[in-house]
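# Architecture and fold: a report
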Amino acid sequence: MEAADLKERISNLTIWKKNGQRAPHKPLLLLIGLAEIQRNVMILPYELVREKMKALLMEFGPPRKSYHPEEPFVRLVSDGIWELSQPIDKNNFSEKQLIVNQVTGGFNAEVLELLLSDILLIQELAELLLNEHFPATVHQDILDEVGLDLSIRKKRARDPHFRDRILKAYEYSCAVCGFNVRLGNQLVAIDAAHIQWHQAGGPDTEENGIALCTLHHKLFDRGVFTITEERKMLVAEQAHGTSGFDEWLMRYHGKEVRFPIHPAYKPKDNFINWHVKEVFKGPARYHIL
């Protein structure tokens, strides 16, 4: 196997998809595996991986009633880059079985040989996984959680026309707080945020974009708040804090966000509903209608 072949397999992971729903299980497991290789750990016991995977799925995956780290641990074998210490029937297995049998997993011999011979390949694969499955605002958070060090990182190019169109639509101000500071003629700390992530099939159109300051952009992508079909900003019950919590979140809870300059640019309900289901760490805090 060549490095190009490995990158292609990583890019074409078999991931469950349905109506834009996110399933970041395999990408997160692979990031854990890459981080462990940096620490010279090649064999990953499922019993040790499961808690880290659950925590990552709860933090960076869509909100679900239950989380199943055993699924990617077994099913990643089908992608030709992962192996288990013993055969497991992917159509009939359980988490208990993996624990009782002390099943371990890790990259197969071909992949290991490539990764150990080219340390930069680890970084390239990590960038590939992050860019294809998560917005840039949460990349460093994920790296910190898995303990992966990317000392040489390339910034992903973004379509400048999307940013320009969204900022113009919202008159170059944050749709939540109105922040619009300039340094000379340059707008500072205002982003064009996708409502439905580009990595989840969200288009680069005005109806799927909203102008947010960098703080509210980060909070939006982490699911701390969402917006409703009526354009109201809602804060998650899980969110709390002291300094800044009231000023930057609760002050706007239940309030309408800025309306774009043209009705045609109003966020579409299907994109908003995707964010509510796939990103927002709801339910929302109580507010008086």
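Residues numbered from 1 in each chain as written. Predicted model: local features only at pLDDT ≥ 70, side-chain atom pairs only at ≥ 80, totals over all residues. Heavy atoms only, no water.

Residues of helix α10 (residues 214-221) that are buried: H216, H217, L219, F220 and D221. Elements that come into contact with the buried residues of α10 comprise β6 (190-194), β7 (209-213), β8 (225-227), α11 (245-250) and α12 (269-278). Positive backbone phi, approximately 80°, marks G223, located one or two places after α10. (Buried < 20%, exposed > 50% of the residue type's maximum accessible area, 1.4 Å probe, protein only. Helix = DSSP H or I, 4+ residues; strand = E, 2+ residues; numbered from the N terminus. Contact = heavy atoms within 4.5 Å.)

Let's shift gears to a nonpolar patch on the surface. Together, V181, L183 and V188 line one region of the surface with nonpolar side chains, adding up to about 270 Å² of accessible area. When you line up the elements, V181 lands in the loop between α9 (160-169) and β4 (182-183). Judged by its relative accessible area of 42%, V181 is partly exposed. (Patch = residues over 30% accessible without salt bridge, like charges linked within 9 Å, V, L, I, M, F, W, Y side chains within 5 Å. Areas by Shrake-Rupley, 256 points an atom, 1.4 Å probe, with all protein chains shown as cover. Salt bridge = Lys/Arg side-chain N within 4 Å of Asp/Glu carboxyl O.)

Mapped onto the secondary structure, T226 falls in strand β8. By relative accessible area, T226 is classed as buried at 2%.

Attention now goes to unusual backbone geometry. That bond from G282 to P283 is cis: its omega, 15°, falls within 30 degrees of zero. Mapped onto the elements, P283 comes out in the segment after α12. A positive phi angle is found at N40, which is not glycine, with a value near 65°. By the element assignment, N40 lies in the loop between α2 (25-38) and β1 (44-45). For N40, a relative accessible area of 62% translates into the label exposed.

One finds L115 and L148 to be the most contacted residues of the largest nonpolar core, which totals 52 residues. Of all elements in the fold, only α1 (3-11), α2, α3 (46-60), α4 (70-75), β2 (82-84), α6 (109-117), α7 (119-133) and α8 (139-146) reach the threshold of two or more residues within this core. The biggest single contributor to this core is α2, with eight residues. When neighbours within four sequence positions are excluded, L115 is seen to be in contact with L6, L34, I37, F107, L121, I122 and L125. (Core = buried A, V, L, I, M, F, W, Y, C linked by side-chain atoms within 4.5 Å.)

Together, E2, D5, E8, E110 and E113 give the surface a local cluster of negative charge. Elements that contribute at least two residues to the negative patch include exactly α1 and α6. Residue classification places E8 among the partly exposed positions, given a relative accessible area of 49%. (Lys, Arg positive; Asp, Glu negative; His and termini not counted. Charge placed at Lys NZ, Arg CZ, Asp CG, Glu CD.)

Here three strands make up an open sheet; going across it, the order is β1-β3-β2 and the pairing antiparallel. Both edges of this open sheet fall to β1 and β2, since each of them pairs with a single strand only. Contacting β1, β2 and β3 (104-107), α2 runs over the sheet at an angle of about 80° to β3. (Pairing = 2+ DSSP bridges. Axes fitted to C-alpha atoms, helices over the stretch in contact; angles between N-to-C directions.)

The description of two packed helices rests on the angle between their axes and on the distance between the axes. Relative orientation of the contacting elements α1 and α7 amounts to 25°, with a least axis distance of 10 Å. On the basis of their axis angle, the class for α1 and α7 is roughly parallel. Once α1 is placed against α7, the crossing between them reads as right-handed. Here α1 contributes A3, L6, K7, I10 and S11 to the contact with α7, which in turn contributes L121, E124, L125, L128, L129 and E132. (Parallel < 35°, antiparallel > 145°, perpendicular 65-115°, else oblique. Left-handed = near helix turned anticlockwise from the far one by under 90°.)

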